[in-house]
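# Remarks on the overall topology
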Amino acid sequence: MTPSTLDIFALRDSVVNEYKHFATSFTTIRAQDIKAQVEAIYAEARYWPEPLIQINPSYKRSTDVGSLVTAGVLDPGCAAIFQIKGEPLSLYKHQDQAIALAAAGESYVVTTGTGSGKSLCFFIPIVHHILTEKSSSSQARTRAIIIYPMNALANSQLEEFDKFVGNVPGARPVTFARYTGQENAEERNRIADNPPDILLTNFMMLELLMTRQDDLDRRVMENCVGLRFLVLDELHTYRGRQGADVAL
């Protein structure tokens, strides 16, 4: 029995011809000038865009959470939170720089590629600050507010934070809650009565919290007295009228 063979060139021609038939079969162009342009493009066998070829950047790693804890840069509790299967979380250089800026009390903007850990640039400094403060004061209050342009992003980050804080068994060393308008009255009252360390919200809800005279809103904002961190996630989305609104 002879093995079957595949003519890849014939296969290529067959795929292109089938796609050509598909692409040209469901439209009827009545404007002659447009029809002539489209037919000229089809005549060159251009049925799809050229392949996108780009460099996948490799971000420089500079340290890890364990080393920063040993050096006294981060609270010891960070080692248990920011680890993966018992190994300390490795950090990119821009994350290391963000931690240093936060420790110096500086404001900063992080601009880097997708998947390069932008959230950790603010989450690690926030957790460090919370753990440090809690070691000297047991007063429950909200120390950080993170603002998202969409509720879906807040929901996603909630899961991400839960993954890290869940590394520590027992009572959560850092608490966080979502307050975006999706919560029922019982949940909103729970947040007002038991202020989370970190509050996740959106810009519209934060404005309502600051301007409404509702007793519940007042209690939530009173819990934020002495706020240390105000984070705007996805800052580039605040443009035009919405950007001006958020700035005010």
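Everything below is about the structure printed above this text.
An account of the accompanying structure is given in this report. (Residues numbered from 1 in each chain as written. Predicted model: local features only at pLDDT ≥ 70, side-chain atom pairs only at ≥ 80, totals over all residues. Heavy atoms only, no water.)

Now for the overall build of the protein. Across its full length, the protein holds 11 helices and eight strands. The C-alpha radius of gyration computed for the protein amounts to 27 Å, which surpasses the reference 18 Å derived for 248 residues by more than 25%, pointing to a less compact arrangement than a globule. Dimensions of the protein along its principal axes, counting C-alpha atoms only, are 75 × 50 × 40 Å. A buried classification covers 32% of the 248 residues belonging to the protein. Counting contacts in the protein only where the partners sit at least 6 residues apart, residues at least 24 apart contribute 68% of the total. (Helix = DSSP H or I, 4+ residues; strand = E, 2+ residues; numbered from the N terminus. Rg over C-alpha atoms; globule rule 2.2 N^0.38 Å. Buried < 20%, exposed > 50% of the residue type's maximum accessible area, 1.4 Å probe, protein only. Contact = heavy atoms within 4.5 Å.)

The computed volume of the largest pocket comes to approximately 690 Å³. Residue lining of the largest pocket: 22 residues in total, with Tyr-108, Val-109, Val-110, Val-231 and Leu-232 positioned closest to the centre. Elements that contribute at least two residues to the lining of the largest pocket include exactly helix H6 (118-134) and strand E8 (229-232). When grouped by side-chain class, the residues that make up the lining of the largest pocket number 12 nonpolar, five polar and five charged. (1 Å grid on protein atoms, 1.4 Å probe; cavity = no way out; pocket = protein on both sides within 12 Å on 5 of 7 lines; lining within 4 Å. Points joined across faces, edges and corners; volume = space filled by probe spheres on them. Nonpolar A, V, L, I, M, F, W, Y, C, P; charged D, E, K, R; others polar.)

Pairs of aromatic rings are described using the distance from one ring centre to the other and the angle between the two planes. Within the structure shown, the criterion is met by eight aromatic pairs. With centroids separated by 6.5 Å and ring planes inclined at 55 degrees, the aromatic side chains of Phe-123 and Phe-164 adopt a geometry described as tilted. Of this pair, Phe-123 sits in helix H6 while Phe-164 sits in helix H7 (residues 151-165), and the two are 41 residues apart along the sequence. Per residue, the accessibility class of Phe-123 equals that of Phe-164, and both read buried. Here Phe-203 and Tyr-238 contribute two aromatic rings whose centre-to-centre distance is 5.7 Å and whose plane-to-plane angle is 90 degrees, an arrangement assigned as edge-to-face. On the criterion of sequence distance, the pair formed by Phe-203 in helix H9 (residues 203-211) and Tyr-238 in the loop between E8 and helix H11 (240-247) is long-range, its members being 35 residues apart. One exposure class covers both Phe-203 and Tyr-238, and it is buried. An aromatic cluster of three or more residues is present, and its members are Phe-82, Phe-123, Phe-161, Phe-164 and Phe-176. Here the guanidinium or amino end of Lys-163 rests over the ring plane of Phe-164, the centre of that ring lying 5.0 Å away. (Phe/Tyr/Trp six-rings, centres within 6.5 Å; stacked < 30°, edge-to-face > 60°. Lys NZ or Arg CZ within 6 Å of the ring centre and 35° of its normal.)

Below, the discussion takes up the pattern of salt bridges. Close approach of charged atoms lets side chains of opposite charge pair. Evaluation of the coordinates by the stated rule reveals 12 salt bridges. Salt-bridge contacts for Asp-193 lead to Arg-219; the nearest nitrogen and oxygen are separated by 2.4 Å. Here Asp-193, found in helix H8 (residues 185-193), pairs with Arg-219, found in helix H10 (residues 215-222); they are 26 residues apart in sequence, far enough to count as distant. On the accessibility criterion, Asp-193 (49% relative accessible area) is partly exposed. Judged by its relative accessible area of 22%, Arg-219 is partly exposed. Within this structure, Glu-133, Lys-134, Arg-141, Arg-143 and Asp-197 form a network of salt bridges that share partners. (Salt bridge = Lys/Arg side-chain N within 4 Å of Asp/Glu carboxyl O.)

The next subject is the side chain of Thr-63. As for its position among the elements, Thr-63 is in strand E1 (residues 61-64). What makes Thr-63 buried here is its relative accessible area of 17%. Ignoring any residue separated from it by four or fewer positions in sequence, one finds Thr-63 in contact with Leu-68, Ser-90, Leu-91 and Asp-96.

The next thing to look at is the packing of H8 against H10. Running from amino to carboxyl end, H8 crosses H10 at an angle of 40 degrees, the nearest separation of the two axes being 8 Å. Classified by the angle their axes make, H8 and H10 are oblique. Crossing of H8 over H10 shows left-handed handedness. Where H8 abuts H10, its residues Arg-188, Asn-189, Ala-192 and Asp-193 lie against Leu-216, Arg-219 and Val-220. For the contact of H8 with H10, the residue count by class is three nonpolar, one polar and three charged. (Axes fitted to C-alpha atoms, helices over the stretch in contact; angles between N-to-C directions. Parallel < 35°, antiparallel > 145°, perpendicular 65-115°, else oblique. Left-handed = near helix turned anticlockwise from the far one by under 90°.)

This next bit is on the pairing of strand E5 (residues 144-148). E5 sits mainly inside the fold: five of its five residues count as buried. Here E5 shows two buried faces, one formed by Ala-144, Ile-146 and Tyr-148 and the other by Ile-145 and Ile-147. Taken together, the five bridges between E5 and strand E7 (residues 198-202) define a ladder with parallel strand orientation. Bridge pairing links Ile-147 to Thr-201 in E7. Note: E5 against E8, four bridges, orientation parallel. For Ile-145, the partnering residue across the bridge sits in E8 and is Leu-230. (Pairing = 2+ DSSP bridges.)

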